[in-house]
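# A closer look at the structure
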Protein chains: 2
Amino acid sequence: MSTSVILTKEEFLQHWLGHRTLTRKTIEKFPEQELFSYNIGGMRTFADLVMELLSIAEPGLRGIVQKREEPYNHSLGITTKEALLEKWDADTPLIIDWYNQIPEADFHEEYNLFGEYKFPIYSNLLYFVDNEIHHRAQGFVYLRALGIEPPFFWDRY
Amino acid sequence: MSTSVILTKEEFLQHWLGHRTLTRKTIEKFPEQELFSYNIGGMRTFADLVMELLSIAEPGLRGIVQKREEPYNHSLGITTKEALLEKWDADTPLIIDWYNQIPEADFHEEYNLFGEYKFPIYSNLLYFVDNEIHHRAQGFVYLRALGIEPPFFWDRY
């Protein structure tokens, strides 16, 4: 393409990793019991929302790199805060590694994510981050309803 | 820069406009009274959150283009759902127009947004969209708590 670069591949990764740091801080703010039991309006618990994020990020990137279109599985069966944070941390280097394996030239190639969502890879990746922001924000409301101050939205460090 | 384009300037704009469409649908779902009165955990009403978004998007872009670093003003004084939607719609062509005036080559230039947030322009723009996703998601929880089904997260059309 002849257009200039408005956002580099590395900048997008750092942007996502900053959001993952903030999501981790949000998990940490929850008391263990409420993390796995509290919800508003019949929505999922924050632990369930986080398990959705985990079932999308690393498996989604792996699928893009390996060109395998396997369905996602949101049921990770994690039942403690410690295990949820461990899984979060274990996935970080894998996310970086898979992401770095996607050639820049492929970002505009279509990929049928999870055998279901056929979009350009850049669009799939934006979805991963958007979806994380979306569900984390729901966690912010849960925290407020529980009388707990959430992290600052800009605190990605 | 020598790196390839992972996301064009136009793709980013379309991505944002899709999110704005979804935020508009979210506003529409609220009954007028709850839009301006309902909150959870001492948070702002959804109307107040939307006024924050309005006070960032068009004024922020205008500041970037005109290189004026004026502070933001979240108090728009809008008191009806109709006026809020009208303002939302009136800002859309302005957002497109200002955005298109930012040269691609400037996306990595630093800009002191609202005289307060000194980051590269690409980073300021990502923040606009992230912040919209974040606050809209809080509106989704308000809707669920009110027994109203929010729009689909992927419905950006």
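In the block above lies the structure referred to throughout.
This structure is a prediction, so every number in the text was calculated from the model and none was measured.

### A closer look at the overall build of chain A
- Within chain A, the secondary structure is distributed over five helices and two strands.
- Relative to the 2.2 N^0.38 estimate, which gives 15 Å for 157 residues, the radius of gyration of chain A is 16 Å and therefore close to what a compact globule would have.
- When the backbone C-alpha atoms are referred to their principal axes, chain A occupies close to 50 × 30 × 30 Å.
- Of all intrachain contacts in chain A linking residues separated by at least 6 positions in sequence, the fraction that spans at least 24 positions is 74%.

### Brief notes about the interface of chain B and chain A
- If you look at the interface, chain B gives 36 residues, while chain A gives 35 residues.
- Taken over both partners, the interface formed by chain B and chain A buries close to 3600 Å², and the fraction arising from carbon and sulfur atoms is 70%.
- Counting the surface chain B buries against chain A, the share from its top three residues, Val5(B), Ile6(B) and His134(B), is 19%.
- Our enumeration of links across chain B and chain A arrives at zero salt bridges.
- In this assembly, chain B and chain A are joined by eight residue pairs in polar contact (both at pLDDT 80 or more).
- Those elements that place two or more of their residues in the side of chain B that touches chain A are helix H1 (9-29) and helix H5 (121-145) of chain B.

### Description of unusual backbone geometry
All names here are of chain B.
- The phi dihedral of Lys67 is positive, around 55°, even though this residue is not glycine.
- By the element assignment, Lys67 lies in the loop between helix H3 (46-66) and helix H4 (81-101).
- Given the relative accessible area of 61%, Lys67 is considered exposed.
- The phi dihedral of Phe114 is positive, around 55°, even though this residue is not glycine.
- Within the secondary structure, Phe114 is located in the loop between strand E1 (110-113) and strand E2 (117-120).
- For Phe114, a relative accessible area of 8% puts it in the buried group.

### Examining the pairing of strand E1 (residues 110-113) of chain A
Residue and element names in this part refer to chain A.
- In terms of strand pairing, E1 meets strand E2 (residues 117-120) through four bridges, oriented antiparallel. Bridge pairing in E2 links Asn112 to Lys118.
- The hairpin formed by E1 and E2 contains three residues between the paired strands, and Phe114 there has a positive phi angle of roughly 55°.

### Overview of the relation of the copies chain B and chain A
- Superposing chain B onto chain A takes a rotation of 180° combined with a translation of 0.0 Å along the rotation axis, leaving an RMSD of 0.0 Å. Such values leave the two copies arranged in the relation of a two-fold axis.
- Take the interface residues of chain B: 97% of them recur as interface residues in chain A, which is what a same-surface contact looks like.

### Digging into H4(B)
All names here are of chain B.
- With 21 residues, H4 should cover 30 Å at 1.5 Å per step; its first-to-last C-alpha distance of 31 Å lies within 8% of that length.
- When we look at burial in H4, the residues that qualify are Lys81, Leu84, Leu85, Trp88, Asp91, Ile95, Trp98 and Tyr99.
- Close packing links the buried residues of H4 with H1, helix H2 (32-37), H3 and H5.

### Here we look at the packing of helix H3 (residues 46-66) of chain A against helix H4 (residues 81-101) of chain A
All names here are of chain A.
- Contact pair H3 / H4: the axes reach a minimum separation of 9 Å and the direction vectors enclose 25°. Put simply, H3 runs roughly parallel to H4. You can see that H3 and H4 cross each other, and the crossing is left-handed. Across from Ala47, Val50, Met51, Leu53, Leu54, Ala57, Glu58, Leu61, Arg62, Val65 and Gln66 in H3, the residues of H4 making contact are Leu84, Lys87, Trp88, Asp91, Leu94, Ile95, Trp98, Tyr99 and Gln101.

### Looking at the nonpolar core
- Membership of the largest hydrophobic core comes to 56 residues, with the highest contact counts inside it found for Leu61(A), Leu125(A), Leu61(B) and Leu125(B).
- Ignoring sequence-local partners within four residues, the contact set of Leu125(A) consists of Phe12(A), Leu61(A), Ile64(A), Tyr99(A) and Phe107(A).
- Of all hydrophobic cores here, the second largest spans 38 residues; its members include Phe30(A), Leu53(A), Val141(A) and Met51(B).

### Re the packing of aromatic side chains
- This model, assessed by the stated rule, comprises 16 aromatic pairs over all chains.
- Ring geometry for Tyr38(B) against Tyr142(B): centres 5.6 Å apart, planes inclined by 85°, an arrangement best described as edge-to-face. Note that Tyr38(B) is positioned in the loop between H2 and H3 and Tyr142(B) in helix H5, a separation of 104 residues in sequence.
- The structure contains a cluster of three or more aromatic residues connected by ring pairs, namely Phe12(A), Tyr99(A) and Phe107(A).
- Against the face of Tyr99(A) rests Lys9(A), its NZ or CZ located 5.6 Å from the ring centre.

What counts as what
Residues numbered from 1 in each chain as written. Chains lettered and ligands numbered in written order. Predicted model: local features only at pLDDT ≥ 70, side-chain atom pairs only at ≥ 80, totals over all residues. Heavy atoms only, no water. Helix = DSSP H or I, 4+ residues; strand = E, 2+ residues; numbered from the N terminus. Rg over C-alpha atoms; globule rule 2.2 N^0.38 Å. Contact = heavy atoms within 4.5 Å. Buried area = accessible area lost by both parts, 1.4 Å probe. Salt bridge = Lys/Arg side-chain N within 4 Å of Asp/Glu carboxyl O. Polar contact = N/O pair within 3.5 Å; in protein donor to acceptor, adjacent residues only side chain to side chain. Buried < 20%, exposed > 50% of the residue type's maximum accessible area, 1.4 Å probe, protein only. Pairing = 2+ DSSP bridges. Least-squares fit on C-alpha atoms with pLDDT ≥ 70 in both. Expected span 1.5 Å × (residues − 1). Axes fitted to C-alpha atoms, helices over the stretch in contact; angles between N-to-C directions. Parallel < 35°, antiparallel > 145°, perpendicular 65-115°, else oblique. Left-handed = near helix turned anticlockwise from the far one by under 90°. Core = buried A, V, L, I, M, F, W, Y, C linked by side-chain atoms within 4.5 Å. Phe/Tyr/Trp six-rings, centres within 6.5 Å; stacked < 30°, edge-to-face > 60°. Lys NZ or Arg CZ within 6 Å of the ring centre and 35° of its normal.

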